[in-house]
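# Structural overview
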Amino acid sequence: MNQTNRAPYFFIAPAVILFLVFTAYPILASLYLSFQRYEGGSYSFVGLANYSRLMGDSIFWTALSNTFIIFIFQVPIMLILAMILASVLNSQLLKLKGFFRVSFFLPAVTSLVAYSLLFSVMLQDNGLFNELLSYIGIGPIPWLSDATWAKVSIIMAMTWRWTGYNMIIFLAALQNIPEEMYEAASIDGAGKIRQFFSITIPNLKPIILFAGILSTIGTLQLFDEPFNLTSGGPGNATMTLGLYIYENGFEYFDFSYGSAVAYVVVVLVAVLSFVQFKFTGDKS
Amino acid sequence: MKKTVLLCSAMVMMLAACGNEETNDNVTDGNGGGETQTLTAWAWNINIPVLEEAAERFAEENPGFELDIVEQGTPDVYQQITTGLQAGGEGLPDIMLIEDDRVQGYLNSFPEAFLDLSKYGFDDEHGDKFPEFKTELLTLNDTIYGVPFDAGPAGVFYRVDLFEEAGIAADQIETWDDFIEAGHTLRDELDIALTGIDINNDDGVYRMMLNQQGTFYFNEDGEIDIDSQESIRAMEVVKRLHEEGLNENLVGWDAWLGGLANGNVATAPSGAWLTGSLTEQAPNLEGDWDVMPLPAFEEGGNRAANLGGSNYMVSANSENPDLAYDFMAFFSTSEEVQLAAMEGGLFPSLNTIYDEDIFSEPVTYFNDQPIWDMFAAMMDDIPYANYTGNYAVARDEAETAQAEAIGGRSVEEALERAANQLDNRIN
């Protein structure tokens, strides 16, 4: 091996070492941990016991179904909203674009805890939301204390935070669509709506896939909102897999069982990403 | 290729060197007799000035003593303690603040991680200076693993002015039924809620009622007792408060304290430590608050219970366990230190100071009543609560049961389900 052949390895070494130490090792260690059981100060190997315990754990199943309910409603709502906002902000007619872009993106850079606290204040029984609703004659809604509304609250909070983030991704993609396409379409008599469905969406397809997969991973790991807003309650109505992993580790000191739940999330992310690639990915 | 390997190992060594430096420092400190001796401590908010004060006083007799206090939020402290314990005690400070309800969980899961204080004779020498429920709580297999600090003797904090306006006599409230009746009067007269219990996330009021009846999630033998008659009776009170429209569901600590400060809620059954938070959050309500003992379940029944409180534990990995023990023994039994803690609203569990003047003095904020005296009188009657190592799981189930009972299930059903589910989860 001569001098020039070696150079690239030197340059990537720091990144590779950091990756091995702080990413690869924890991933493997937690897989190993999920086959063990901790009792009275020491670990012992128990094979698949943690996984079979998962099968009979009603809280795990509740967490799984909650995560999916939130996923099924939140991701499409958010992506559609983000796409509409991006198209509007991309329009030639709109003034003050910079201002609107910043305002919509701002939630994505606020602290997770700060915004959760704000939402929790606004969603109290006598908070801002109910106050505003009372002006239009809608009775107080138990945002955080009712099983269904608590999920709705979490979906609202997440949508508020992440729509702007996805909008920026879409906006960047929109600017790569040549203006001539729209001009040609309008000469052929296609209206704005027709243009959106026949030009914008097909051109955005790879980006929609990208945003979809990012959101899928994010939602499956959902932790901050239920932790800060509802603590997984009422009952276990907003318990998510992410929160359950945390509770097992840091509240019940059962890191092995938490690791087993974490690996379920890993498998789900892999499967869902694969499915999304299959159905929305470009064939070529 | 050889060079690549060299480079890699150099980098690894650099990483490792960062970790080593600290240990080396400590060793020199420890051996340097007569030089500075430093202990590290993890704690949060109002405990910090108390630690500082204690370190200063301790240094007077132990020249060169220094305490390095790392101040963090409560959840951060616990996350780091748990991570450190999980890593076999790596990276833990010498002393750490741990609340009552966490102690047994840590002791059961990490029995080797904390310094055995019986070996130093703490229980023999100082044990009777603290109420039994506190020392019991720090004991596993007849060995004590921590020093008691503050306690949370419980009472009902109430708004004197609102009670007067509604025509309620606080001293007539003896049972929980009386309490609920007072709630109706408040609702009818002033349209104000009696309590601000966070139904889904906090079972504190229920836990106090268990404790005052001498029971808990687990009985004395550590068996699940969450579906006992006492427990059903306690949960019924919470359910009635909600169903009869007397409770405002305030979600989270900030909302609750806000409700108390802005007058939406007239009472707060809670531990003595609430005094500190109330005076800080609502200084304008000086003179409007007072405290009465918890109502009993029947006339003449026990009204003493505990909610919250904390302790200090020493890491078994401490480089300087003797010094850490000496400091902690001084900290927990020094009357000056404990009196300093009271300025921040922390109620000391050290019972040798209850005849100090401060206990009989009226407190302006609390309607000029000697509230410390009332709390002190309660200390010996507080029953021991068996937290066990499974407290956190049990509390999770109790809170779920509370949410279910409010959501329409019968209390018996909800608690029975909780007991079964708890049995599944811990056995």
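Every value quoted in this text rests on a predicted model; they were computed, and no experiment measured them. (Residues numbered from 1 in each chain as written. Chains lettered and ligands numbered in written order. Predicted model: local features only at pLDDT ≥ 70, side-chain atom pairs only at ≥ 80, totals over all residues. Heavy atoms only, no water.)

## Quick word on the overall build of chain A
Put simply, the rule reads: The helix count covers DSSP runs of H or I at least four residues long, the strand count covers runs of E at least two residues long, and both are numbered beginning at the N terminus. When accessible area is computed with a 1.4 Å probe and restricted to protein chains, residues below 20% of their type maximum are described as buried, those above 50% as exposed, and intermediate ones as partly exposed. What makes two residues a contact is simply this: any of their non-hydrogen atoms within 4.5 Å. To be clear on the numbers: accessible area is Shrake-Rupley with a 1.4 Å probe, and residue cover counts the displayed protein chains and nothing else. Only four residue types enter the charge count: Lys and Arg as positive, Asp and Glu as negative, with His and the chain ends excluded. To locate a charge, the coordinates of NZ of Lys, CZ of Arg, CG of Asp or CD of Glu are taken.
In terms of regular secondary structure, chain A is built from 12 helices and two strands. A total of 284 residues make up chain A; the buried ones form 42% of that total. Pairs at least 24 residues apart make up 66% of the contacts formed inside chain A by residues separated by at least 6 positions. With the model as given, the accessible surface of chain A reaches about 15200 Å², and the carbon-plus-sulfur share is 72%. When the 13 positive and 15 negative side-chain charges of chain A are each reduced to one mean point, those points stand 11 Å apart.

## Overview of unusual backbone geometry
Residue and element names in this part refer to chain B. Even without being glycine, Asn-141 reaches a positive phi, approximately 50°. Mapped onto the fold, Asn-141 is located in the loop between strand E4 (139-140) and strand E5 (143-144). Relative accessible area serves as the criterion here: at 67%, Asn-141 is assigned to the exposed category. In this structure, Asp-142 takes a positive phi of about 60° despite not being glycine. Structurally, Asp-142 is set in the loop between E4 and E5. Taking the relative accessible area as the measure of exposure, Asp-142 reaches 73% and is therefore exposed.

## Considering the layout of surface pockets
Formally: The pocket and cavity definitions rest on a 1 Å grid over protein atoms only: a 1.4 Å probe that fits but cannot leave marks a cavity, an open set with protein on both sides within 12 Å along at least five of seven lines marks a pocket, and residues lining either have an atom within 4 Å of a point. Grid points are joined across faces, edges and corners, and a volume is the space filled by probe spheres set on the points. Side-chain classes are defined by residue name, with Ala, Val, Leu, Ile, Met, Phe, Trp, Tyr, Cys and Pro counting as nonpolar, Asp, Glu, Lys and Arg as charged, and the others, Gly among them, as polar.
Considering only enclosed or pocket space, the second largest pocket measures out at about 890 Å³ in volume. Pro26(A), Ser30(A), Leu33(A), Phe255(A) and Ser259(A) are the residues nearest the centre of the second largest pocket, which is lined by 28 residues in total. Of all the secondary structure elements, the ones that give two or more residues to the lining of the second largest pocket are helix H1 (3-33), helix H9 (192-220), helix H11 (241-251) and helix H12 (255-280) of chain A together with helix H3 (74-86) of chain B. Class assignment for the residues of the lining of the second largest pocket results in 20 nonpolar, eight polar and no charged.

## What to know about helix H18 (residues 411-426) of chain B
Note: α-helices contain 3.6 residues per turn, so residues at a spacing of three or four share the same orientation. Rules: How far a helix is expected to stretch is found by multiplying one less than its residue total by 1.5 Å.
Between its first and last C-alpha, H18(B) extends 22 Å over 16 residues, near the 22 Å set by a 1.5 Å rise per residue. Within H18(B) the residues assigned to the buried category are Val411(B), Ala414(B), Leu415(B), Ala418(B), Ala419(B), Gln421(B), Leu422(B) and Arg425(B). Contacts from the buried residues of H18(B) go to helix H2 (49-55), helix H3 (58-90) and H11 of chain A together with helix H9 (204-212), helix H10 (229-243) and helix H17 (391-406) of chain B.

## So, the interface of chain A and chain B
In plain terms, the rule: In this description, buried area is defined as the sum, over both parts, of the accessible area (probe of 1.4 Å) that is lost when the two are combined. In what follows, salt bridge is the name for a side-chain nitrogen of Lys or Arg lying within 4 Å of a carboxyl oxygen of Asp or Glu. Throughout this description, a polar contact denotes any pair of N or O atoms lying within 3.5 Å of each other; where both atoms belong to protein, one of them has to be capable of donating a hydrogen while the other can accept it, and for residues adjacent in sequence the pair is counted only when both atoms sit in side chains.
Every contact between the two is made by 34 residues of chain A and, on the other side, 34 residues of chain B. For the pair chain A and chain B, the summed buried surface comes to about 2900 Å²; carbon and sulfur atoms form 58% of the total. The three residues of chain A that bury the most area against chain B are Phe250(A), Tyr252(A) and Phe253(A), which together make up 21% of that side's buried surface. Inspection of the region where chain A meets chain B yields zero salt bridges. Linking chain A with chain B are nine residue pairs in polar contact (both at pLDDT 80 or more). Sorting the residues of the side of chain A that touches chain B by element identifies H1, H3, helix H10 (224-230) and H11 of chain A as the ones contributing at least two each. Here the side of chain A that touches chain B is composed, by residue class, of 17 nonpolar, 12 polar and five charged.

## A short note on the confidence of the model for chain B
Residues and elements named next belong to chain B. Rules: The quantity called pLDDT is the predictor's confidence in a given residue, expressed from 0 to 100.
For chain B, per-residue confidence averages 89 on the pLDDT scale, and 92% of positions sit at 70 or higher. Predicted confidence for residues 1-33 stays below pLDDT 50, and this span has 16 contacts to residues more than four positions away or in other chains. Overall fold confidence for the complex sits at a pTM of 0.82, while the interface term, ipTM, reaches 0.75.

## A look at the packing of aromatic side chains
Quick reminder of the rule: When two rings of Phe, Tyr or Trp (its six-membered ring) have centres within 6.5 Å they constitute a pair, described as stacked for plane angles under 30 degrees, edge-to-face for angles over 60, and tilted for the intermediate range. By definition, being over a ring means that NZ of Lys or CZ of Arg is both within 6 Å of the ring centre and within 35 degrees of the ring normal.
Counted according to the given criterion, the structure contains 57 aromatic pairs over all chains. A ring pair is formed by Phe58(B) and Phe330(B), whose centres lie 5.5 Å apart and whose planes are at 45°; its orientation type is tilted. Separated by 272 residues along the polypeptide, Phe58(B) in helix H2 (residues 47-61) and Phe330(B) in helix H13 (residues 321-333) bring together distant segments of the chain. As far as burial versus exposure is concerned, Phe58(B) and Phe330(B) are alike and both buried. What links up through ring pairs into an aromatic cluster is the set Tyr38(A), Tyr43(A), Phe253(A), Trp44(B), Tyr78(B), Tyr106(B), Phe110(B) and Phe114(B). The ring centre of Tyr257(A) lies 3.6 Å from the NZ or CZ of Arg53(A), which sits over that ring.

## What about the side chain of Ser120(A)?
Looking at the secondary structure, you find Ser120(A) in helix H5 (residues 112-122). Residue Ser120(A) is classed as buried on the basis of its relative accessible area, which comes to 8%.

## Thoughts on the pattern of salt bridges
Residues and elements named next belong to chain B. As enumerated under the stated definition, the model contains 19 salt bridges over all chains in all. For Arg-240, the salt bridge identified is with Asp-177, shortest N-O distance 3.1 Å. Here Asp-177 lies in helix H8 (residues 176-190) and Arg-240 lies in helix H10, a separation of 63 residues in the sequence. A relative accessible area of 31% places Arg-240 in the partly exposed class. A salt bridge links Arg-417 to Glu-404; its shortest N-O distance comes to 3.0 Å. Taken together, the positions of Arg-417 in helix H18 and Glu-404 in helix H17 put the pair 13 residues apart, joining distant regions of the chain. Each member of the salt-bridge network shares a partner with another, and the members are Asp-396, Glu-397, Glu-404, Arg-409, Arg-417 and Arg-425.

## Examining empty space enclosed by the protein
All names here are of chain B. Taken as a whole, this structure holds one cavity of 30 Å³ or more when the rule is applied. Each pocket or cavity is described by its volume, and for the largest cavity that value is around 110 Å³. Along its surface, the largest cavity is lined by 14 residues, and Phe-133, Asn-211, Asn-306, Ala-385 and Tyr-387 are the ones closest to its centre. Where the lining of the largest cavity is concerned, the elements lending two or more residues are helix H6 (132-137), H9 and strand E9 (306-314). The biggest single contributor to the lining of the largest cavity is E9, with three residues. Split into classes, the residues belonging to the lining of the largest cavity amount to nine nonpolar, three polar and two charged.

## Quick look at the environment of Ser231(A)
By secondary structure assignment, the location of Ser231(A) is in the loop between H10 and H11. Here Ser231(A) falls in the partly exposed class, since its relative accessible area comes to 40%. Placed 138 residues apart in sequence, Ser231(A) and Leu93(A) show a C-alpha to C-alpha distance of 45 Å. Apart from the residues within four sequence positions on either side, Ser231(A) is in contact with Pro226(A), Leu243(A), Glu247(A) and Asn201(B).

## Some thoughts on the environment of Leu422(B)
Residues and elements named next belong to chain B. Here Leu-422 is to be found in helix H18. Owing to a relative accessible area of 0%, Leu-422 belongs among the buried residues under this scheme. In the structure, Leu-422 is positioned 27 residues away from Arg-395 in sequence and 9.6 Å away in space, judged by C-alpha atoms. Leu-422 has contacts with Phe-218, Ile-224, Val-393, Ala-394 and Glu-397, leaving out every residue within four places of it along the chain.

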